[in-house]
Amino acid sequence: MDFPSELKIYISRVEAGIERLLPPASARPARLHAAMRYSLQAGGKRLRPVLLLAAADCFPPDGGDPLPAAVAIECLHTYSLIHDDLPCMDNDDLRRGRPTAHKAFDEATALLAGDALLTFAFALVAEGFAGHPALAHGLLRELGDAGGSKRLIGGQMEDLLAEKKADATADELEFIHLNKTAAMIEAALVMGGLCGGASKQQISVLRAAGRNLGLAFQINDDILDATADSATLGKTAGKDAAAGKTTYVKLHGIEASRVMAAKHTAAAVSEFQKLPGRAPFLVALADTMGRRSK
Ligand code: GRG
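No experiment lies behind these values; they were computed from the predicted model shown.

Asker: I'm lost on the site of the ligand in this one. Help?
Answerer: Taken together, 18 residues surround the ligand, and among them Lys45, Arg48, His77, Asp84 and Arg96 come closest. Within the side chain of His77, a nitrogen or oxygen atom sits 2.8 Å from an oxygen atom of the ligand. The fraction of the free accessible surface of the ligand (700 Å²) that becomes covered by protein chains is 92%. For the shell around the ligand, the secondary-structure elements that each account for two or more residues are helix 4 (67-85), helix 8 (152-163) and helix 11 (200-227). At six residues, the largest contribution of residues to the shell around the ligand is made by helix 4. Looking at the shell around the ligand residue by residue, the class counts come to five nonpolar, seven polar and six charged.

Here it is, written out as structure tokens:
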């Protein structure tokens, strides 16, 4: 398997899906649609939609196209980034190598663009899977749960609360990252499995893989925040230490954090290998993510 070429093909499918499925920038109100496209088309690794498409591809094709679900999860993820960057949250100026949405537009437009991407994600799944109501139901439930008050938004809430404390515990940190980061990665894999008609047991495998991949991803994110520069990351580096934030690096140090990330990556790989065909692309993606530099 030629991993870089396959990855490129998946990313192209996602980019084309975004271009085709999002309302045009000229749709009224043009400023809102331009802001949605600005953030969504700024690049980004497209990790979650690629995971979704690749998970679906582990199963025999059943005629349904998972692309609307892949674009939907990227819309929801992008909304969370836009809102996270707002002055009332992380107050950041740089995202995906460009000025953040509220810098390029204004705060109110950025807030609304985030809201619109969030609701659009659900509309896209409802529309894209209208011919498969049971699948649409499963996908919407997964997206709603992962993006909801107990997971993504709950993780963000606890993250904000933890910032006010001198030191968060390892348990609190794990709660934050299992929800703020791992929930959407897990949902991407599970939604892909649902599109591919995975069994309950295969869905559990995808969930376990997503949990481990999500934790590995976050630990690597903490390591990169402490070791890489803003130009490489396309977002402000060194923010965690500057804010005195509790991270894996602060709690455990760089070397122990690297070991933990490698352990979670290996656990994700061993879950992927339980899937039909041993999921070589997902295995390679997990390994590559474990060595990522941005
Ligand atoms: C505002 C509800 C709400 C949630 C915000 C996404 C988020 C939660 C916060 C951003 C800060 C952060 C470190 C989140 C953890 C998840 C994470 C590392 C997101 C960035 O994902 P990447 O690296 O970004 O996949 P790209 O730009 O490549 O898509």
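Asker: What's the story with empty space enclosed by the protein in this structure? I'm lost.
Answerer: Vacant regions in the atomic arrangement are exposed by a probe of water-molecule size rolled over the atoms. By the definition in use, this model includes three cavities of 30 Å³ or more. Considering only enclosed or pocket space, the largest cavity measures out at about 100 Å³ in volume. In terms of lining residues, the largest cavity is bounded by 13 residues, among which Ser39, Ile82, Asp85, Arg95 and Ala101 are the most central. The leading source of residues in the lining of the largest cavity is helix 4, at four residues. Its residues placed into classes, the lining of the largest cavity shows six nonpolar, three polar and four charged. Counted as a void, the second largest cavity has a volume near 70 Å³.

Asker: Where do I start with the packing of aromatic side chains in this structure?
Answerer: Here the distance between the centres and the angle between the planes together describe a pair of aromatic rings. Counting across every chain of the model gives three aromatic pairs. Measuring from centroid to centroid gives 5.5 Å for Tyr38 and Phe105, while their planes differ by 75 degrees, and the two rings are edge-to-face. Residue Tyr38 is located in helix 2 (residues 30-40), and its partner Phe105 is located in the loop between helix 5 (101-104) and helix 6 (107-128); the two are separated by 67 residues in the primary sequence. Here Tyr38 matches Phe105 in class, with each residue buried. Joined through ring pairs, the aromatic side chains of Phe3, Tyr10 and Phe281 make up one cluster. The ring of Tyr38 carries the charged tip of Arg98 above its face, separated from the ring centre by 4.5 Å.

Asker: So what exactly am I meant to see when it comes to the packing of helix 10 (residues 182-195) against helix 11 here?
Answerer: The packing of two helices is summarised by the inter-axis angle and the distance between the axes. Taken N-terminus to C-terminus, the directions of helix 10 and helix 11 make an angle of 150 degrees; their axes are 7 Å apart at the nearest point. Here helix 10 is positioned roughly antiparallel relative to helix 11, judged by the angle of their axes. Between helix 10 and helix 11 the crossing geometry is right-handed. The segment helix 10 lies against helix 11, with Ala182, Ile185, Glu186, Leu189, Val190, Gly193 and Leu194 engaging Ile203, Leu206, Arg207, Ala209, Gly210, Arg211, Leu213, Gly214, Leu215 and Phe217. For the contact of helix 10 with helix 11, a count of residues per class yields eleven nonpolar, three polar and three charged.

Asker: Help me understand unusual backbone geometry, please; the structure alone is not making it clear to me.
Answerer: Phi is mostly negative for residues that are not glycine, and the peptide bonds are mostly trans. For the bond running from Arg28 to Pro29, omega is -5 degrees, close enough to zero to count as cis. Its location among the elements puts Pro29 in the loop between helix 1 (3-21) and helix 2. The backbone of Arg96 sits at a positive phi, close to 50 degrees, despite the residue not being glycine. Residue Arg96 is classed as buried on the basis of its relative accessible area of 17%. Positive phi outside glycine occurs at Ala279, with the angle close to 45 degrees.

Asker: How do you make sense of the pattern of salt bridges when you look at a structure like this?
Answerer: Counted according to the given criterion, the structure contains 15 salt bridges. Residues Asp84 and Arg95 are paired through a salt bridge, measuring 3.8 Å at the closest nitrogen-oxygen approach. A residue pair is termed long-range when its members are at least 10 positions apart, and Asp84 in helix 4 and Arg95 in strand 1 (residues 94-95) qualify at eleven residues. Asp84 gets classed as buried once you look at its relative accessible area, which sits at 17%. In this structure, Lys103 engages Asp93 in a salt bridge whose closest nitrogen and oxygen atoms are separated by 4.0 Å. Of the two residues, Lys103 sits in helix 5 while Asp93 sits in the loop between helix 4 and strand 1, which places them ten residues apart along the sequence. Its relative accessible area of 49% is what places Lys103 among the partly exposed residues. One connected set of salt bridges, linked through shared partners, spans Glu15, Arg46, Glu74 and Arg96.

The rules behind these values
- Residues numbered from 1 in each chain as written.
- Predicted model: local features only at pLDDT ≥ 70, side-chain atom pairs only at ≥ 80, totals over all residues.
- Heavy atoms only, no water.
- Near = heavy atom within 4 Å.
- Polar contact = N/O pair within 3.5 Å; in protein donor to acceptor, adjacent residues only side chain to side chain.
- Areas by Shrake-Rupley, 256 points an atom, 1.4 Å probe, with all protein chains shown as cover.
- Helix = DSSP H or I, 4+ residues; strand = E, 2+ residues; numbered from the N terminus.
- Nonpolar A, V, L, I, M, F, W, Y, C, P; charged D, E, K, R; others polar.
- 1 Å grid on protein atoms, 1.4 Å probe; cavity = no way out; pocket = protein on both sides within 12 Å on 5 of 7 lines; lining within 4 Å.
- Points joined across faces, edges and corners; volume = space filled by probe spheres on them.
- Phe/Tyr/Trp six-rings, centres within 6.5 Å; stacked < 30°, edge-to-face > 60°.
- Buried < 20%, exposed > 50% of the residue type's maximum accessible area, 1.4 Å probe, protein only.
- Lys NZ or Arg CZ within 6 Å of the ring centre and 35° of its normal.
- Axes fitted to C-alpha atoms, helices over the stretch in contact; angles between N-to-C directions.
- Parallel < 35°, antiparallel > 145°, perpendicular 65-115°, else oblique.
- Left-handed = near helix turned anticlockwise from the far one by under 90°.
- Contact = heavy atoms within 4.5 Å.
- Salt bridge = Lys/Arg side-chain N within 4 Å of Asp/Glu carboxyl O.

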